[in-house]
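So the chains spell out like this:
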2 protein chains.
Amino acid sequence: MALKNTREANYPEWYQNVIAAADMAENSVSPGCMVIKSWGYGMWEKIRDIFDEKFKETGHENCYFPMFIPLSFFQKEAEHVEGFAKEMAVVTHSRLGAEEGKLVPQSPLDEPLIVRPTSETIIADSFAKWIKSYRDLPVLVNQWANVVRWEMRPRLFLRTREFLWQEGHTAHATAAEAEAETKQMLEIYRDVAENALALPVIVGRKPEYDKFPGAVDTYCIEAMMQDGKALQAGTSHFLGQNFARSANISFINSEGKPEFAYTTSWGVSTRLIGGIIMTHADDEGMVVPPRIAPYQVVLVPVVKNEADREKISAYIEKVRALLKSATPFGEKIRIKIDNRNKSSVDKFWEWTRKGAPIICEIGIRDADGGNVMLRERLKLGTPEGKEIVALDELAAQIAGRLENIQREMFARAEKRLQSNLRTDIATHEEFNRYFANASKFLKEGDNNNVAFVRGKWSGDPNSDELLKALKITIRCIPFDQSGTTGECLLTGKPGATIDVIYARSY
Amino acid sequence: MALKNTREANYPEWYQNVIAAADMAENSVSPGCMVIKSWGYGMWEKIRDIFDEKFKETGHENCYFPMFIPLSFFQKEAEHVEGFAKEMAVVTHSRLGAEEGKLVPQSPLDEPLIVRPTSETIIADSFAKWIKSYRDLPVLVNQWANVVRWEMRPRLFLRTREFLWQEGHTAHATAAEAEAETKQMLEIYRDVAENALALPVIVGRKPEYDKFPGAVDTYCIEAMMQDGKALQAGTSHFLGQNFARSANISFINSEGKPEFAYTTSWGVSTRLIGGIIMTHADDEGMVVPPRIAPYQVVLVPVVKNEADREKISAYIEKVRALLKSATPFGEKIRIKIDNRNKSSVDKFWEWTRKGAPIICEIGIRDADGGNVMLRERLKLGTPEGKEIVALDELAAQIAGRLENIQREMFARAEKRLQSNLRTDIATHEEFNRYFANASKFLKEGDNNNVAFVRGKWSGDPNSDELLKALKITIRCIPFDQSGTTGECLLTGKPGATIDVIYARSY
């Protein structure tokens, strides 16, 4: 029943197999775009709700800004356009008309419009109108929206031309407040990634050459995938006064003097779902962290004799009623009864491939005995993977079981990260040898895996090119710097002081 | 403190004044688009959540489909392209490049892409892939998304080039099931409009010439605005096999024969917010139905003496803590403490213009006496509009008060609809005389208001032109037909049997 490709045999194909087998998304006829299907979109809804609550708790309000940005806006911030111009969808006409029996674009626009790749420029324009005095600050907004970047090698969830995200945008009276905001939002990203998505992450700052176009500082959370590559899972940017200056977001400060505001922006996207797949899925399919599972418990009737159907159905309703009052993670439990006209074996494997955390199969013997046959997805294939549990026991345990699964998923991923993060590589030579190969898949207990290296960097201005030659990247400069000095792993120069994370990446 | 324009003096300007005074939205520099600000977006979030729960209860699942639709898709359904071609945003290029120092569109696309005006064609393409057998049916999906129609006379919430909506799309094995779905969703629209938005509506079917392009039947809910005009507040379409045929959504039916599926689509949009404004707002500003108010109760500290500030703050926290357990409409109550550095009088008027249902002003005498000064927005300017209420009483009453306000808002709007829906006009001549004038504003108790007429229609094929000449429309053919015969109000022909609603409209 395994997927067509295992992680070890063909990791990129395995990734596509998981998504197809779990029915989470598919490629669309619309070039480079994806259709997010209900099992994938259901996860996104949970992710959205968890973040949204934290954004609101920290004083942010949701708004919605236009997705069409006048072309001229991109000329305002020079670095910004430089960073995005190559991958923009440009609207040039406002109607279709027939010419020689063919539909063609008509009514050219006076000024072409860009479908937002990100909204700093258009939101800055609103901020400039809203902000007059220090009393108007801070302004703290967020939007949930679709954005477009013209990817040439699209990949479901990781890189599609259109994707969904949230983008927070804030303006402050002082640099210190804006920097504190940037770091506060990064901390929310770390918290949700680790505690809701079970993705352990390394937090840090991007090197100069890899900042968001127009930012003063970009902070990020970086996760390790099962092939040892890094995935940037969220970024938070301190924009200084750059966008304020180009959009004229000026205010009268408390001393009565005009000043430019300090702004920030921060975002996470549906890419997170790609990260969740590559962290938790296995060779049988998807494994969904319970906190974001559209259904946490699936009840599958097993009817071998038609005469038993009614009795089993009634018993399953009783199971649902008993489980319903459970509140895993302090929320309403999400239960699905799968009454479709299919064999129970097919249903079991379907929910297994989808990665539903708990599947209960319920037949006549269970109904008679007051039990259920319980299977935890995470224990699939192990002797503990199949348990007969008494119904009253199940009701008492269900929230705790889901919370345990969540913890266990994080613990496994955390262990993988720690055991594949090399900190003992001290020389340029050793470093080159290490990255000469790449792992297809991080085998547990294997000491030859190639993944992350934490080591010294000199900050050499040619780093970007040297890294490209090695096909690696600097993921971040972690916040917890050691303060020691050593050989720059990238250049071999002595006296390097900066600790960085080196890795291949998505 | 009233708005610049009253409803009676200048209704269209009044509408803009309400939105500005309530800070709900504003025109954007992006031509024809709006920025939805937090007070307006907060209402949309509530509206979304209420609908979303009902969609899910009736078995629909959320998905997300690409917003870019290949141009060729619009050639598949002839009526459909006819209906939308004039107002489409067309993407023709995928990058910007510098030419003679100016940024210009570069990299033309092989096939232009249309930014979705609605998604029947692209979703039908997915359905064609998903549906093979009658066992795969029904397919019931919904998406919350942005859509684009190139409006030439944009107006906040009512007609903007980009707006937010939900679009449900379903496929069924039989026409009867698809029709039942279409009507089920219309009933959900009616229910939410009346019970959550306090918008009384007339339900019915659109006349042939006014159907959704490509539909067999379009059903709608129609609301009456305070100027007597109708607003279409939601539509539900039975598409028959039209889109299934053009996209090849075919399946093997239970008799083993190939057949085209029957599809439906249905939608409501941010336009509803325009309808809520024009139904409930008054000359002082917005009035928000409590069920969708971002904040239902606003607590405003009144500090006349700095020495009292701490005591008042502590008391307000106590008020919040006591109110917090209330569950109006079976949901968590939404309370805001307004601690901004502004005068309490300014704050009171700001929340009044925003239409927060209940504002409590709390000063030192209230803190000492265990009271609050309570104001219901709906009673503004009346002797009952200002009450001193004991705190324990308030906590006991608050949910009931909010529910009463909701009921009263619906009752007022319902009374307006009923008393301005003429059913006694029997002749073409009388009908013409009636619509020779238009009301600016439906004055209560005034018998000269011009609004809706319910009367006979012959179904004459030239109706559309005759209606245009009178600057009126047929809103719908109500479900509750009388079965009587009479003079067609539009043409004067005898023997007309169809009851319709005639009105001016948005």
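The sections below set out a description of the structure shown in this document. (Residues numbered from 1 in each chain as written. Chains lettered and ligands numbered in written order. Predicted model: local features only at pLDDT ≥ 70, side-chain atom pairs only at ≥ 80, totals over all residues. Heavy atoms only, no water.)

Considering the overall build of chain A
Note the following rule: Working definition: helices are DSSP H or I runs of at least four residues, strands are E runs of at least two. Numbering for both runs from the N terminus. As defined in this context, the radius of gyration uses C-alpha atoms, and a globule is described by 2.2 Å times the residue total to the power 0.38. Note on exposure labels: buried denotes an accessible area under 20% of the residue type's maximum, exposed denotes more than 50%, and partly exposed covers the range between, all computed with a 1.4 Å probe on protein chains only. Here, Shrake-Rupley sampling with a 1.4 Å probe gives the accessible areas, and only protein chains in the shown set may cover a residue. Only four residue types enter the charge count: Lys and Arg as positive, Asp and Glu as negative, with His and the chain ends excluded. Taken as the charge location is NZ of Lys, CZ of Arg, CG of Asp or CD of Glu.
A tally of helices and strands in chain A yields 13 helices and 23 strands. Computed over its C-alpha atoms, the radius of gyration of chain A comes to 26 Å, within 12% of the 23 Å expected for a compact globule of 506 residues. Along the first, second and third principal axes, the C-alpha set of chain A runs to 80 × 65 × 60 Å. Each of the 506 residues in chain A was classed as buried or not, and the buried ones make up 59%. Surface exposure of chain A reaches about 20,200 Å², of which carbon and sulfur atoms provide 48%. Side-chain charges of chain A comprise 65 positive and 70 negative groups, with the mean position of each set lying 3 Å from the other.

Considerations on the interface of chain A and chain B
Accessible area lost upon the coming together of the parts serves often as the stated size of an interface. Applicable threshold: Should any heavy atoms of two residues lie within 4.5 Å, those residues are considered in contact. Throughout, the accessible surface (probe 1.4 Å) given up by two parts as they are put together, summed over both, is called the buried area. Whenever Lys or Arg places a side-chain nitrogen within 4 Å of a carboxyl oxygen from Asp or Glu, that contact is recorded as a salt bridge.
Across the contact, 66 residues belong to chain A and 66 residues belong to chain B. Together, the buried faces of chain A and chain B total about 5,400 Å²; carbon and sulfur atoms form 61% of this surface. Looking at the side of chain A facing chain B, the largest losses of area belong to Tyr 64, Leu 96 and Leu 103 of chain A, adding up to 12% of the total buried there. With its nearest N and O atoms 3.2 Å apart, the salt bridge here joins Glu 45 of chain B to Lys 56 of chain A.

Here's the deal with the sheet that holds strand E11 (residues 230–240) of chain A
The pairing of strands in a sheet comes from backbone hydrogen bonds and takes either a parallel or an antiparallel form. All names here are of chain A. How we decide: Note: two strands are recorded as paired if DSSP finds a minimum of 2 bridges between them. To obtain an axis, a line is fitted to C-alpha atoms, over the contacting stretch when the element is a helix, and the angle between two such axes runs from 0 to 180 degrees between their N-to-C directions.
In spatial order, the strands read E3-E7-E8-E14-E11-E10-E9-E22-E23-E21-E20; together these eleven strands make up an open sheet with mixed pairing. Strands with a single pairing partner mark the edges of an open sheet, and in this sheet they are strand E3 (61–62) and strand E20 (421–422). In terms of strand pairing, strand E7 (residues 139–148) meets strand E8 (residues 162–172) through ten bridges, oriented antiparallel. Residue pairing across strands places Leu 140 opposite Thr 170, the latter belonging to E8. Where helix H2 (residues 38–57) meets the sheet, its contacts fall on E3, E7, E8 and strand E14 (262–269), and the angle it forms with E7 comes to roughly 165 degrees. In this fold helix H7 (residues 271–280) packs onto strand E10 (217–224), E11 and E14, with an angle of close to 145 degrees to the strand it touches most, E11.

Quick word on the pattern of salt bridges
Pairing is possible between side chains that carry opposite charge, provided their charged atoms lie close to one another. Residue and element names in this part refer to chain A. Across all of its chains, the model carries 76 salt bridges over all chains by this definition. Its salt-bridge partner being Glu 350, residue Lys 342 comes within 3.0 Å of it at the nearest N-O pair. The class of Glu 350 is buried, set by a relative accessible area of 15%. Two residues, Arg 401 and Glu 376, come together in a salt bridge whose shortest N-O distance is 2.9 Å.

A few points about the state of the cysteines
Residue and element names in this part refer to chain A. As a reminder, the rule being used: The disulfide definition used here is simple: a pair of cysteine sulfur atoms within 2.5 Å.
The tally for this structure, following the rule as stated, stands at zero disulfides over all chains. For the unlinked cysteine Cys 220, the closest cysteine sulfur is that of Cys 476, found at 4.6 Å. Using a relative accessible area of 0% as the deciding quantity, one classes Cys 220 as buried.

Focus: the packing of aromatic side chains
Let me state the cut-off plainly: Aromatic pairs are defined between Phe, Tyr and Trp rings, using the six-membered ring for Trp, whenever the two ring centres lie within 6.5 Å; interplanar angles under 30 degrees are classed as stacked, those over 60 as edge-to-face, and all others as tilted.
Taken as a whole, this structure holds 36 aromatic pairs over all chains when the rule is applied. Ring geometry for Phe 51 of chain A and Phe 55 of chain A: centres 5.8 Å apart, planes at 25 degrees, overall stacked. Highlighted residues: Phe 51 of chain A and Phe 55 of chain A, both in helix H2, separated by four residues, approximately one helical turn. Comparing Phe 51 of chain A with Phe 55 of chain A shows no difference in burial state: the two are buried. Pairing Phe 51 of chain B with Tyr 189 of chain B gives two aromatic rings, centres 5.7 Å apart and planes at 85 degrees, and the pair type is edge-to-face.

Some details on the sheet that holds strand E10 (residues 217–224) of chain B
Residues and elements named next belong to chain B. Spatially, E3-E7-E8-E14-E11-E10-E9-E22-E23-E21-E20 is the arrangement adopted by the eleven strands of the open sheet, whose pairing is mixed. Where the open sheet ends on each side, the last strands, each with one partner, are strand E3 (61–62) and strand E20 (421–422). Note: strand E22 (residues 473–478) against strand E23 (residues 498–503), three bridges, orientation antiparallel. Within E23, the residue paired with Thr 473 across the bridge is Ala 503. Of the strands in this sheet, E3, strand E7 (139–148), strand E8 (162–172) and strand E14 (262–269) touch helix H2 (residues 38–57), which is tilted by about 165 degrees from E7. The strands that helix H7 (residues 271–280) touches are E10, strand E11 (230–240) and E14; relative to E11, the one it contacts most, it runs at about 145 degrees.

Points about unusual backbone geometry
Across the junction of Leu 137 of chain A and Pro 138 of chain A, the peptide omega takes the value -5 degrees, indicating a cis bond. Within the element layout of this structure, Pro 138 of chain A appears in the loop between helix H4 (120–130) and E7. Within the chain, Asp 23 of chain B stands out as a residue other than glycine whose phi angle is a positive 55 degrees. In this structure, Asp 23 of chain B sits in the loop between helix H1 (11–21) and strand E1 (25–27). Of the residues examined, Asp 23 of chain B reaches a relative accessible area of 33% and is grouped as partly exposed.

A short note on the environment of Lys 257 of chain A
Residues and elements named next belong to chain A. Position of Lys 257 relative to the elements: it lies in the loop between strand E12 (250–252) and strand E13 (258–260). Along the sequence, Lys 257 and Glu 487 sit 230 residues apart, while their C-alpha atoms lie 48 Å from each other. The residues contacting Lys 257, other than those within four sequence positions of it, are Phe 251 and Ile 252.

Considerations on the relation of the copies chain A and chain B
We apply this condition: Copies overlap after least-squares fitting; the atoms used are the C-alpha atoms of residues with pLDDT of at least 70 in both.
Placing chain A over chain B gives an RMSD of 0.0 Å and needs a rotation angle of 180 degrees, together with 0.0 Å of translation along the axis. The transformation just described matches what one would write down for a two-fold rotation axis. No C-alpha of chain A lies nearer the rotation axis than that of Val 91 of chain A, which sits 2.1 Å from it. Most of the interface of chain A is mirrored in chain B: 100% of its interface residues are interface residues there too.

Let's talk about the side chain of Asp 499 of chain B
Residue and element names in this part refer to chain B. Using the following cut-off: Residues adjacent in sequence count toward polar contacts only when both atoms are side-chain atoms; beyond that, a polar contact is any pair of N or O atoms within 3.5 Å, and within protein one must be able to donate a hydrogen and the other to accept it.
With respect to the element layout, Asp 499 can be found in strand E23. Exposure remark for Asp 499: the relative accessible area of 4% places this residue in the buried category. Polar side-chain contacts of Asp 499 include one of 2.6 Å to the side chain of Lys 456.

Considering the nonpolar core
The criterion, for reference: What makes a nonpolar core is a set of buried Ala, Val, Leu, Ile, Met, Phe, Trp, Tyr and Cys residues whose side-chain atoms join them at distances within 4.5 Å.
Ranked by size, the top nonpolar core spans 146 residues in total, and within it Phe 68 and Phe 157 of chain A together with Phe 68 and Phe 157 of chain B carry the most contacts. Sequence-distant contacts of Phe 68 of chain B, defined by excluding residues within four places in its chain, comprise Ser 30, Cys 33, Ala 89, Val 115, Val 148 and Trp 150 of chain A together with Val 91, Leu 113, Ile 114, Val 115 and Ile 122 of chain B.

Focus: the packing of H2 of chain B against H7 of chain B
Residues and elements named next belong to chain B. Definition in use: Put simply, angles under 35 degrees are roughly parallel, angles over 145 are roughly antiparallel, angles from 65 to 115 are roughly perpendicular, and the rest are oblique. What makes a crossing left-handed is the near helix being turned counterclockwise from the far one by less than a right angle; a clockwise turn instead makes it right-handed. Polar here means any residue other than Ala, Val, Leu, Ile, Met, Phe, Trp, Tyr, Cys and Pro, which are nonpolar, and Asp, Glu, Lys and Arg, which are charged; Gly is therefore polar.
Axis separation between H2 and H7 bottoms out at 10 Å; the angle between their running directions is 110 degrees. Overall, the two elements H2 and H7 adopt an arrangement that is roughly perpendicular. Where H2 crosses over H7, the handedness of that crossing is right-handed. Residues Gly 40, Trp 44, Ile 47 and Phe 51 of H2 form the contact with H7, whose participating residues are Leu 272, Ile 273 and Ile 276. Tallied by class, residues from the contact of H2 with H7 come to six nonpolar, one polar and no charged.

A short note on the pairing of strand E6 (residues 102–115) of chain B
Residue and element names in this part refer to chain B. Here strand E4 (residues 68–70) pairs with E6 via three bridges, running antiparallel. Within E6, the position partnered with Ile 69 by the bridge is Ile 114. By the bridge criterion, eight bridges tie strand E5 (residues 90–99) to E6 in an arrangement that is antiparallel. Note that in E6 the partner of Arg 95 across the bridge is Gln 106. The antiparallel pairing of E5 with E6 creates a hairpin that spans two residues between the two strands, and Glu 100 there sits at a positive phi of about 50 degrees.

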